[in-house]
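One letter stands for each residue in the lines below.
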Amino acid sequence: MPFHMEISYYNFKITIFSFAFIFVLRWTWRILNYVWFKPKKLEKCLRQQDFKGNSYKFLFGDMKEMKKMGEEATSKPIDFTHDMIWPRVSPFIHKTITNYGKNCFVWMGPRPAVLITEPELIREVLTKNYVYQKARSSPLSKFLVAGLANHETDKWATHRRLLNPAFHLDKLKHMLPAFKLTVSEVLSKWEKIVLKEGSEIDVWPYLQTLTSDAISRTAFGSSYEEGRKIFELQKEQLQLISKVSRTIYIPGWRFLPTKSNKRMKQIFNEVRALVLGIINKRLRMIEAGEEHDDLLGILLASNLKEIQQHGHKKFGMSTDEVIEECKLFYFAGQETTSTLLVWTMILLCKHPIWQERAREEVLQVFGSDEIDYDKLNQLKVVTMILNEVLRLYPSGYFINRLVTKDTKLGNLCLPSGVQLILATILLHHDIEIWGDDAMEFNPERFSEGILKATKGQAVFFPFSWGPRICIGQNFAMLEAKMAMAMILKHYAFELSPSYVHAPHPVLLQPQYGAQLILDKL
């Protein structure tokens, strides 16, 4: 009996050791394949198709040089005699194109990223959103926003359908009073500063407050003060994640208790609690029979209708999913519109003739009348200006997609695992597309509309394109038109001598602010 027990124990140890050995062997192979064998295989495949780029460097790829060049570029401002900004915001890709041409790739750690600049190929990628999915730089990005922007395939389609009613034009028209009130408050603050302290104002923080307040009111029926903590936390989270994204992401790193990781998790939990409080407050109002025609109210009604139609909660959004969509409202609704407004004011300072043309149009269309939706649509010159600003300073200056299975794109055979970089800013600045003045501010190119200016090509997509075009595009443009109409009506402005031109890689925000000299009209 003891002998049999010894054999059994020995066999047990052999079994455990074998499982452990196989486990270690399997993970060793997976790691080696991830950091070496697969990248080398992908590199060989790309080079066979005449793509050029640096040779793969173990684990880090081009990330170290990207980080170094990025830090160097943002350490000094740039010349403002032209609008050639992308060498500052993406210096490594600029260097790669200079060295290898547009048919090139860069290494985002162990993953090669192919630059796509042909309009027809970009159209195909953005149209086939089930094939080419969004490429996430790091799992940590979920700490900032998830929601519609990060969902894929059927889940994306469901959320998009549930959110669409909130962004119908007939709903957006009802948000104009909130936009007007928000802009009026900012203009009142400027008037007090001009009277007390002189005419120079850094308008950037005020424009951020303007768009933050607008999204608070139109999405949640609350004021900026109520949502201030959420904006502050989201801003800090963006800075932390942007810092992390400039380094190679190591799988499992987010679970380590580093200072940054702990802070990101803390912010995530705080924002979740704050947004949940707003949602619960609204649900109690709905139960009490109150109706709200803001984005949150429409979303909750749309979600409730979906659940009732199917008779089960699994067909609607969960509480966590609603929270993520609300966080996306806060983030996307604030950052991109404030960036559009600040560059519009800066470029109108640089080109005073266009500022005066826009002001004349605003006074002619509105005079002393109330600003309404139909009249906002008559602002042809203002719309031309906004489109030209979006062409020169698109906050989403690169769009990333991931090839999830071996795919043929045009004449290219793309293997699974390759990332695609759709170079928005390169197409927006391309002389062959826009003419010799492509790097100059010339709103006249949009005088007959976007379709005519682009000759029907997919070469202008500041809000992306295809099925995944930004759901808030009309919201952002309506808010921007309202803000610029009211600013032009009440103020003339010019650049202050203290202004420094420095678009930052994070959403093209002005790194050192936007110091303007304002004159009350």
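Check the entry above for the structure.
Residues numbered from 1 in each chain as written. Predicted model: local features only at pLDDT ≥ 70, side-chain atom pairs only at ≥ 80, totals over all residues. Heavy atoms only, no water.

1. Some remarks on the packing of aromatic side chains
Move 1: Tallying each qualifying case throughout the model produces 15 aromatic pairs.
Move 2: Between phenylalanine 80 and tyrosine 499, the ring centres sit 5.9 Å apart and the planes meet at 55°, which makes this aromatic pair tilted. Within this pair, whereas phenylalanine 80 is found in the loop between helix H2 (63-73) and helix H3 (86-89), its partner tyrosine 499 is found in the loop between strand E9 (491-495) and strand E10 (515-520), the two being separated by 419 residues in sequence.
Move 3: Accessibility expressed as a relative area gives 10% for tyrosine 499, which makes it buried.
Move 4: We note lysine 520 situated over the ring of tyrosine 491; from NZ or CZ to the ring centre the distance is 5.7 Å. (Phe/Tyr/Trp six-rings, centres within 6.5 Å; stacked < 30°, edge-to-face > 60°. Helix = DSSP H or I, 4+ residues; strand = E, 2+ residues; numbered from the N terminus. Buried < 20%, exposed > 50% of the residue type's maximum accessible area, 1.4 Å probe, protein only. Lys NZ or Arg CZ within 6 Å of the ring centre and 35° of its normal.)

2. Here we look at the side chain of lysine 327
Move 1: You can see lysine 327 is positioned in helix H13 (residues 319-350).
Move 2: For lysine 327, a relative accessible area of 1% puts it in the buried group.
Move 3: Separated by 3.3 Å, the side chains of lysine 327 and glutamate 324 make a polar contact. (Polar contact = N/O pair within 3.5 Å; in protein donor to acceptor, adjacent residues only side chain to side chain.)

3. So, the nonpolar core
Move 1: Counting residues in each nonpolar core, the largest one holds 149 residues, and the members touching the most others are Trp190, Val203, Leu420, Met484 and Phe493.
Move 2: Element by element, the count of residues in this core is highest for H13, at 15 residues.
Move 3: Not counting residues within four places of it along the chain, the set of residues in contact with phenylalanine 493 comprises Met345, Leu348, Cys349, Gln355, Arg359, Met484, Ile487, Leu488, Leu516, Ile517 and Leu518. (Core = buried A, V, L, I, M, F, W, Y, C linked by side-chain atoms within 4.5 Å. Contact = heavy atoms within 4.5 Å.)

4. So, the pairing of strand E2 (residues 111-116)
Move 1: Counting buried residues in E2 gives five out of six residues, a clear majority hidden from the surface.
Move 2: Both strand E1 (residues 105-108) and E2 contribute to a ladder of four bridges, which runs antiparallel. Within E2, the residue paired with methionine 108 across the bridge is arginine 111.
Move 3: As judged from the four bridges shared by E2 and strand E8 (residues 419-422), these two strands associate in the parallel manner. In the strand pairing of E8, alanine 113 is matched with glutamine 419. (Pairing = 2+ DSSP bridges.)

5. A look at the sheet that holds E2
Move 1: An order of E1-E2-E8-E5-E3 is seen for the five strands of this open sheet, with the pairing classed as mixed. The open sheet has two edge strands with one neighbour each: E1 and strand E3 (132-134). Put simply, the sheet's adjacent strands are angled 35° from each other on average, direction ignored.
Move 2: Each of E1, E2 and E8 is contacted by helix H4 (residues 91-100), which is oriented at about 145° to E1, the strand it contacts most.
Move 3: Against the sheet, helix H5 (residues 119-127) touches E2, E3, strand E5 (399-403) and E8, its axis set at about 120° to E8. (Axes fitted to C-alpha atoms, helices over the stretch in contact; angles between N-to-C directions.)

6. Some points on the layout of surface pockets
Move 1: The space that makes up the second largest pocket amounts to roughly 500 Å³.
Move 2: Leu283, Ile286, Leu300, Asn303 and Leu304 are the residues nearest the centre of the second largest pocket, which is lined by 21 residues in total.
Move 3: Counting only elements with at least two residues in the lining of the second largest pocket, the list comes to helix H11 (259-287), helix H12 (295-310) and H13.
Move 4: In terms of residue class, the lining of the second largest pocket is made up of nine nonpolar, six polar and six charged. (1 Å grid on protein atoms, 1.4 Å probe; cavity = no way out; pocket = protein on both sides within 12 Å on 5 of 7 lines; lining within 4 Å. Points joined across faces, edges and corners; volume = space filled by probe spheres on them. Nonpolar A, V, L, I, M, F, W, Y, C, P; charged D, E, K, R; others polar.)

7. Concerning the environment of glutamine 308
Move 1: On the secondary structure map, glutamine 308 appears in helix H12.
Move 2: Here the alpha-carbon distance between glutamine 308 and asparagine 261, two residues 47 residues apart in the chain, equals 40 Å.

8. Comments concerning empty space enclosed by the protein
Move 1: For the structure on display, the rule yields three cavities of 30 Å³ or more.
Move 2: In this structure, the largest cavity encloses a volume near 50 Å³.
Move 3: What lines the largest cavity is Gly53, Asn54, Asp62, Glu65, Phe92, Lys95, Thr96, Asn99, Tyr100, Phe105 and Val106.
Move 4: Only H4 and E1 provide two or more residues apiece to the lining of the largest cavity.
Move 5: With five residues, the single largest contributor to the lining of the largest cavity is H4.
Move 6: Partitioned by chemical class, the residues of the lining of the largest cavity number four nonpolar, four polar and three charged.

9. Section: the sheet that holds E9
Whenever strands of a sheet pair, they do so through backbone hydrogen bonds, lying parallel or antiparallel.
Move 1: Overall, antiparallel pairing links the three strands, which are arranged E4-E10-E9 in an open sheet. Strand pairing shows two members of the sheet lacking a second neighbour, strand E4 (200-202) and E9, which therefore form its edges. Taking each pair of neighbouring strands and ignoring which way they run, the sheet shows an average axis angle of 40°.
Move 2: The sheet contacts of H13 involve E9 and E10, and relative to E9 the element is tilted by about 75°.

10. Structural notes on the environment of arginine 357
Move 1: Locating arginine 357 in the fold gives a position in helix H14 (residues 352-366).
Move 2: With 24 residues separating them along the chain, arginine 357 and valine 381 place their C-alpha atoms 7.3 Å apart.
Move 3: With residues near it in sequence (within four places) discarded, arginine 357 still touches Val381 and Glu444.
Move 4: Within the structure, arginine 357 has its side chain in polar contact with the side chain of glutamate 444 (distance 3.2 Å).

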